[in-house]
Amino acid sequence: MSNSGMKAAIEYGDILRSFKDLSEAEDFFYTYKDIILKNLESICIKNALYTADYSVDSLTKIEKWYFDLYEKKEFSKIGITQETFEKMMGVYYGEVAVRNNAEARWVVREFPFSKGKYELLIKKGLMSMSVIEKCNNLCTSQGNKRKNHLFRDYNKYVNRPS
């Protein structure tokens, strides 16, 4: 790994949560995931703008909703911040992957460059992807003019043979 790659890995590890062991991390992250998804479903029901049906096509719909909220600066109208919505989208992406792929599953893993730091991932075959921070600042990501990054990402990484 290059020096800049190692530096980036260490910086990423610094922002991860610390736990005394894997069991404690799993308890936290699996509960966190379930709470995030329930909160998203509740927001969807309250606002009747989007249905969280966990289909692959719903990734395009949630991203469209996100960009509508971003462009109109209306995250506060649904009672959350942009950052919270982005975390919800990341976890939702992971749940869509797990529900639509028999081989995909949720895993919690200690980050290899930071002892005692853990992350929540989806795993399918040899591919593992961290999802909580996946959608951070999605509104400014390059190459997303069609605003369908999540759907394209899903097809590129998850919806392919292991």
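What comes next is a walk through the structure.

Let us look at the packing of aromatic side chains. Both the distance between ring centres and the angle between the ring planes are used here to describe each pair of aromatic rings. Tallied over the entire structure, the rule returns 12 aromatic pairs. Measuring from ring centre to ring centre gives 5.1 Å for Y66 and F67, while their planes differ by 80°; the resulting arrangement is edge-to-face. No difference in accessibility class separates Y66 from F67, as the two residues are buried. Ring centres of Y66 and F85 lie 6.0 Å apart, and the angle between their planes is 15°; this geometry places the pair in the stacked category. Taken as a pair, Y66 in helix α3 (residues 58–72) and F85 in helix α4 (residues 82–100) lie far apart in primary sequence, 19 residues in all. The exposure classification of Y66 matches that of F85, with both residues buried. Grouped by ring-pair contacts, the aromatic residues F19, F28, F29, Y32 and Y118 constitute a single cluster.

Definitions and limits used
Residues numbered from 1 in each chain as written. Predicted model: local features only at pLDDT ≥ 70, side-chain atom pairs only at ≥ 80, totals over all residues. Heavy atoms only, no water. Phe/Tyr/Trp six-rings, centres within 6.5 Å; stacked < 30°, edge-to-face > 60°. Buried < 20%, exposed > 50% of the residue type's maximum accessible area, 1.4 Å probe, protein only. Helix = DSSP H or I, 4+ residues; strand = E, 2+ residues; numbered from the N terminus.

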